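# Architecture and fold: a report
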Amino acid sequence: MAASNLFALFPAQLVRKAIDKIKDLLDQYPQSSSTGKGILSEELSEAVLYFTLLVIAYAFIRGIFMYLMRQTIIVMSRHIEYDLKNEIFDHYQKLNQDFYRKNRIGDLMARISEDVSRVRMYVGPAVMYTINLVVTIILVLIVMFSVNVRLTWLVIMPLPILSFAIFKINNLINTKSDAIQSQLSVVTSFVQEAFSGIRIIKAFGSEQANQMSMEKETNLYREKQMSLAQVEAFFFPLMLFLTGLSSIITIYIGGLEVIAGRGSIGNIAEFIIYVNILVWPVTSLGYTSSLIQRAAASQARINEFLNTQPTMVTDSGKDFDFRNEITFENVSYTYEGKSISAIKNLSFTIARGSTFAILGTTGSGKSTLIQLFLRLFDPSEGNIRIDGQDLKEINLKNWKKSMGYVPQDIFLFSDTISNNIAFGVSQYGGNLGEDIRKAAKMAALHENIINFPNQYETKVGERGITLSGGQKQRVAIARAFIKDPEILVMDDCLSALDTSTEAQILKNMAEIKKNKTYLIVSHRVSSVKEADKILVLDEGKMVEFGTHDELIQLKGSYSDIYNKQIQEESSN
Ligand SMILES: Nc1ncnc2c1ncn2[C@@H]1O[C@H](COP(=O)(O)OP(=O)(O)OP(=O)(O)O)[C@@H](O)[C@H]1O
Ligand SMILES: [Mg+2]
């Protein structure tokens, strides 16, 4: 940076020398004599050519150093940006569910894009401009003072005022662009949600109301942009005016100095160049300091997330060996911000190799129980033990590896059917194609898939939009089957299927279930009655527990549900 700045200063001295030389020549050879004229024009063109070539050479050398400087600093800042993005994403993935319940997606996105790029602006341009600023100011001032102290003082006096004015205006610009930024994210979220929910919007015919909300938000955005444009419209002319003013002052004061015999005409030309070199770092001072302020704020926001520690660590923890039973001991769970517990004081045992069913009305806590079992979060009270060993002490990665889980709300990635099925196993390798087919057959999906033009390579669209509800469910089921898991967990995932498809899957599962522990959640008695144990939940509490026959004998809520569903079926 120093070298590149030096080569920006040399041309100024060359200009001084050139002008002084020309003046000398003019004084030396009076215009009147014709021989003098010939020699003059020859000497003049020689001098001008010489200085021009030197100036070009210096500019070239300066360019080389500038290239190296940007190559170092800007390229480095891109590397840092890359690292930071990956670090944040990696950390995001480790954080627990309660983190995702608390923070909005838009906010998470902003940290990884917006805030990271502001930090990059700091480690790149801001650092570069700051060093440049210091180096330029020191070098230029040294040179200027060495030429003419008085002139230097007079000429640099307006510069701090310029710098301060720009700093103030820059702050105003920043406040306004922050407001624009946050309004823009309101507009983006609005549009994003509108597109995700476009089917509902169309079905309810609410396009027009939606359009009005959109116009309201975009209008706010426009107003904020206009107000920024006004400030900027004022800012640039002001900057040009102030820099022009410095040049005029230089010429005027320099002229007085020359008249007083304290310098040459070449000095004025030289000083104009110096002042112009100084103006850029001085104006950029305001800009740079605001870059630094914003980067500090962004890094603080990033750190807030990076310092959030996951309460569950995936890789540490003991190995486990599931031989006999999984026990729930007085397990309770309350969602943050809710007064009523979703799960209240549950104790029961799941024997290895058995089928365990959970039945209950909607909102009774079935999915919560399943998620506790998977350890997506930990119980508020009580413990879950695998053969006496606390689930919290077990290596979470292995625990999840042993699990095949079909969630209630299915999520498919915008990828092919086969990749969606192989989602949990793709890292294991092996003959995937055959396994995918087998799993799809078990999930009664194969017949559907082979009728698609691209078969297993069919793209399912965002969130699986091109598939029917039942097809999506079966892709999710195949995704669990392909793992051939030790423990199979299905949360109400046969609900979108007709009875014959359901029966087909249940029949196929009889084979998979052998020697496997199987947890099933359902509203329907038909899918739970074969289970070894049935847990009936109501408002998070266990109301009945036993086999189908035992529960029927109790003549309690299970037998009520059973009788109602039998009646419904026979009336259908
Ligand atoms: N993420 C959450 N944050 C706060 N409360 C929640 C959350 N998820 C569920 N709840 C609440 O916890 C209770 C139990 O919900 P859960 O999803 O476990 O019910 P469920 O038995 O699976 O119901 P369904 O049969 O409708 O799927 C409900 O009252 C619900 O409002
Ligand atoms: Mg549920």
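None of the values given here were measured: they were computed from a predicted structure.

Moving on, we get to the overall build of the protein. Helix and strand counts for the protein come out as 19 helices and 10 strands. Relative to the globule expectation of 25 Å for 572 residues, the C-alpha radius of gyration of the protein, 38 Å, shows a markedly less compact shape. Across its three principal directions, the C-alpha atoms of the protein cover 130 × 50 × 50 Å. Within the protein, the proportion of its 572 residues that are buried is 40%. For the protein, the accessible area works out to roughly 31100 Å², and carbon and sulfur atoms hold 58% of it.

Looking now at the pattern of salt bridges. Summed over the entire model, instances satisfying the criterion amount to 13 salt bridges. Linking arginine 78 and glutamate 81 is a salt bridge whose minimum nitrogen-to-oxygen distance equals 3.0 Å. Taken together, the residues span about one helical turn, with arginine 78 and glutamate 81 both in helix 2 (residues 34-94) at a distance of three residues. The partly exposed category is assigned to arginine 78, whose relative accessible area is 43%. A residue is classified by how much of its surface remains accessible, and glutamate 81, at 13% relative accessible area, is buried. Note that aspartate 178 and arginine 118 form a salt bridge whose closest N and O atoms lie 3.4 Å from each other.

So, about the nonpolar core. Counting 43 residues, the largest nonpolar core has Ile421, Ile477, Phe481, Met490 and Ile534 as its most contacted members. Among the elements that make up this core, the one with the highest residue count is helix 15 (residues 469-481) (six residues). For this core, the two domains that each supply at least three residues are domain 2 (314-402 + 485-572) and domain 3 (411-476). Ignoring sequence-local partners within four residues, the contact set of isoleucine 534 consists of Ala357, Leu359, Val528, Lys529, Glu544, Phe545, Gly546, Thr547, His548, Leu551 and Tyr558. Formed by 31 residues, the second largest nonpolar core is a distinct cluster that contains Ile350, Ile358, Leu369 and Phe377.

Moving on to the coordination of the magnesium ion (ligand 2). Protein-derived coordination of the magnesium ion (ligand 2) comes from Ser367 (OG) and Gln408 (OE1), at a distance range of 1.9 to 2.1 Å. Of this pair, serine 367 sits in helix 10 (residues 366-374) while glutamine 408 sits in the loop between strand 6 (403-406) and helix 12 (417-421), and the two are 41 residues apart along the sequence.

Turning our attention to the sheet that holds strand 4 (residues 381-386). One open sheet holds the four strands; their spatial order is 2-1-4-5, and the pairing between them is antiparallel. The strands lining the two open edges of the sheet, one partner per strand, are strand 2 (343-351) and strand 5 (389-390). Pairing between strand 4 and strand 5: two bridges, direction antiparallel. Following the sheet pairing, arginine 385 is matched in strand 5 by aspartate 390.

Taken in spatial order, the six strands make up an open sheet running 6-7-8-3-9-10, and their pairing is mixed. Edge strands, defined here as strands with exactly one partner in the open sheet, are strand 6 and strand 10 (541-546). Across the sheet, the mean angle from the axis of one strand to that of its neighbour is 15 degrees, orientation sign disregarded. With four bridges joining them, strand 6 and strand 7 (residues 487-491) adopt parallel strand pairing. Each residue of the ladder has a partner; that of glycine 404, found in strand 7, is leucine 488.

A separate point is the domain arrangement of the protein. What the domain assignment reports for the protein is domain 1 (2-306), domain 2 (314-402 + 485-572) and domain 3 (411-476). Computed over C-alpha atoms only, the centres of domain 2 and domain 3 are separated by 26 Å. The interface is formed by 12 residues belonging to domain 2 together with nine residues belonging to domain 3. Where domain 2 abuts domain 3, roughly 740 Å² becomes buried across the two surfaces, and 63% of that area is made up of carbon and sulfur atoms. Summed over the shared surface of domain 2 and domain 3, the number is zero salt bridges. Here domain 2 and domain 3 share zero residue pairs in polar contact (both at pLDDT 80 or more) between them. Its residues assigned to classes, the side of domain 2 that touches domain 3 shows six nonpolar, four polar and two charged.

What follows concerns the site of ligand 1. By nearness alone, 14 residues border ligand 1, and Gly363, Lys366, Ser367, Thr368 and Gln408 come closest of all. Threonine 362 has a polar side-chain atom sitting 3.2 Å from an oxygen atom of ligand 1. For ligand 1, an oxygen atom lies 2.7 Å from a polar atom in the side chain of lysine 366. In terms of residue count, the dominant contributor to the shell around ligand 1 is helix 10 (three residues). The residue inventory of the shell around ligand 1, partitioned by class, reads two nonpolar, nine polar and three charged.

For the pair helix 4 (residues 105-147) and helix 5 (residues 149-156), interaxial distance at closest approach is 6 Å and the crossing angle is 130 degrees. The pairing of helix 4 with helix 5 is recorded here as oblique in orientation. Counted together, Leu141, Met144, Phe145 and Val147 of helix 4 and Val149, Thr152, Trp153, Val155 and Ile156 of helix 5 form the full contact between these two elements. Looking at the contact of helix 4 with helix 5 residue by residue, the classes come out as eight nonpolar, one polar and no charged.

Glancing now at a nonpolar patch on the surface. Residues Phe60, Ile64, Phe65, Tyr67 and Leu68 make up a contiguous nonpolar surface patch of roughly 530 Å² in combined accessible area. Tracing the chain through its elements places phenylalanine 65 in helix 2. The exposure class of phenylalanine 65 is partly exposed, given its relative accessible area of 32%.

Tracing the chain through its elements places tyrosine 287 in helix 9 (residues 265-306). Along the chain, tyrosine 287 and phenylalanine 167 lie 120 residues apart, while their C-alpha atoms are 6.7 Å from each other. Residues within four places of tyrosine 287 in sequence aside, it is in contact with Met121, Tyr129 and Asn170.

Here the focus is the side chain of threonine 136. Position of threonine 136 among the secondary structure elements: in helix 4. Here threonine 136 falls in the buried class, since its relative accessible area comes to 5%. Apart from residues lying up to four places away in sequence, threonine 136 is in contact with Asn5, Leu141, Ile277 and Pro281.

To continue, consider the packing of aromatic side chains. This structure, assessed with the given rule, holds 23 aromatic pairs. An aromatic cluster is defined as three or more aromatic residues linked by ring pairs; in this entry it consists of Phe328, Phe348, Phe356, Phe373, Trp399 and Phe545. If you follow arginine 111 out to its NZ or CZ, it ends over the ring of phenylalanine 305, 4.1 Å from the centre.

Note that asparagine 5 resides in helix 1 (residues 2-28). Assessed through its relative accessible area of 8%, asparagine 5 is described here as buried. Engagement of the side chain of asparagine 5 in a polar contact is seen with the side chain of asparagine 132, the distance being 3.0 Å. Setting aside its immediate chain neighbours within four residues, asparagine 5 contacts Asn132, Val135, Thr136 and Leu139.

What counts, and at which threshold
- For every chain, the first residue of its written sequence is number 1, and the numbers climb from 1 along that sequence.
- Working convention: letters from A go to chains and numbers from 1 go to ligands, in the order in which they are written.
- Restriction of local features to residues with pLDDT of at least 70 applies here, the model being predicted, together with a cutoff of 80 or more for giving and counting side-chain atom pairs; totals for whole chains, interfaces and linings are based on all residues.
- The basis for every side-chain value is the complete set of non-hydrogen atoms in the structure, without hydrogens or water.
- Each helix corresponds to a stretch of at least 4 residues labelled H or I by DSSP, and each strand to a stretch of at least 2 residues labelled E; elements are numbered beginning at the N terminus.
- Two things to know: the radius of gyration comes from C-alpha atoms, and the globule rule equals 2.2 Å times the number of residues to the power 0.38.
- Relative accessibility thresholds used throughout: buried, under 20% of the residue-type maximum; exposed, over 50%; partly exposed, between the two (1.4 Å probe, protein chains only).
- Per-residue and other accessible areas follow the Shrake-Rupley method at a 1.4 Å probe size, with only the shown protein chains counted as cover for residues.
- When a carboxyl oxygen of Asp or Glu is within 4 Å of a side-chain nitrogen of Lys or Arg, the pair counts as a salt bridge.
- Joining through side-chain atoms within 4.5 Å is the link that ties buried Ala, Val, Leu, Ile, Met, Phe, Trp, Tyr and Cys residues into a set, and such a set is a nonpolar core.
- Throughout, the edges of the domains are those of an automatic or database domain assignment.
- The contact criterion used throughout is that any non-hydrogen atoms of two residues lie within 4.5 Å.
- Coordination shells were defined by N, O and S atoms within 2.8 Å of each metal, extended to 3.2 Å for Na, K and Ca; water is absent from the atom set, which can make sites look incomplete.
- Note on pairing: two strands pair once DSSP finds at least 2 bridges between them.
- Orientation is described by axes fitted as lines to C-alpha atoms, over the contacting stretch for helices, and by angles from 0 to 180 degrees between their N-to-C directions.
- The term buried area refers to how much accessible surface (probe radius 1.4 Å) is lost by two components on association, counted for both of them together.
- The term polar contact refers here to a pair of N or O atoms within 3.5 Å; inside protein, the definition further demands a hydrogen-donor-capable atom paired with an acceptor-capable atom, and it admits residues adjacent in sequence only when both atoms are side-chain atoms.
- Under the scheme applied here, ten amino acids are nonpolar (Ala, Val, Leu, Ile, Met, Phe, Trp, Tyr, Cys and Pro), four are charged (Asp, Glu, Lys and Arg), and all others, including Gly, are polar.
- Being near a molecule or strand, for a residue, comes down to having at least one heavy atom within 4 Å of it.
- Any angle between 65 and 115 degrees counts as roughly perpendicular, while under 35 counts as roughly parallel, over 145 as roughly antiparallel, and the rest as oblique.
- Residues enter a patch when their relative accessible area is above 30% and they make no salt bridge; the linking distance is 9 Å between like charges and 5 Å between nonpolar side chains (Val, Leu, Ile, Met, Phe, Trp, Tyr).
- Any two of the Phe, Tyr and Trp rings considered here, Trp counted by its six-membered ring, make a pair once their centres fall within 6.5 Å; the pair's planes then place it as stacked at under 30 degrees, edge-to-face at over 60, or tilted in between.
- Charge over a ring is defined by NZ of Lys or CZ of Arg lying within 6 Å of the ring centre and within 35 degrees of the ring normal.

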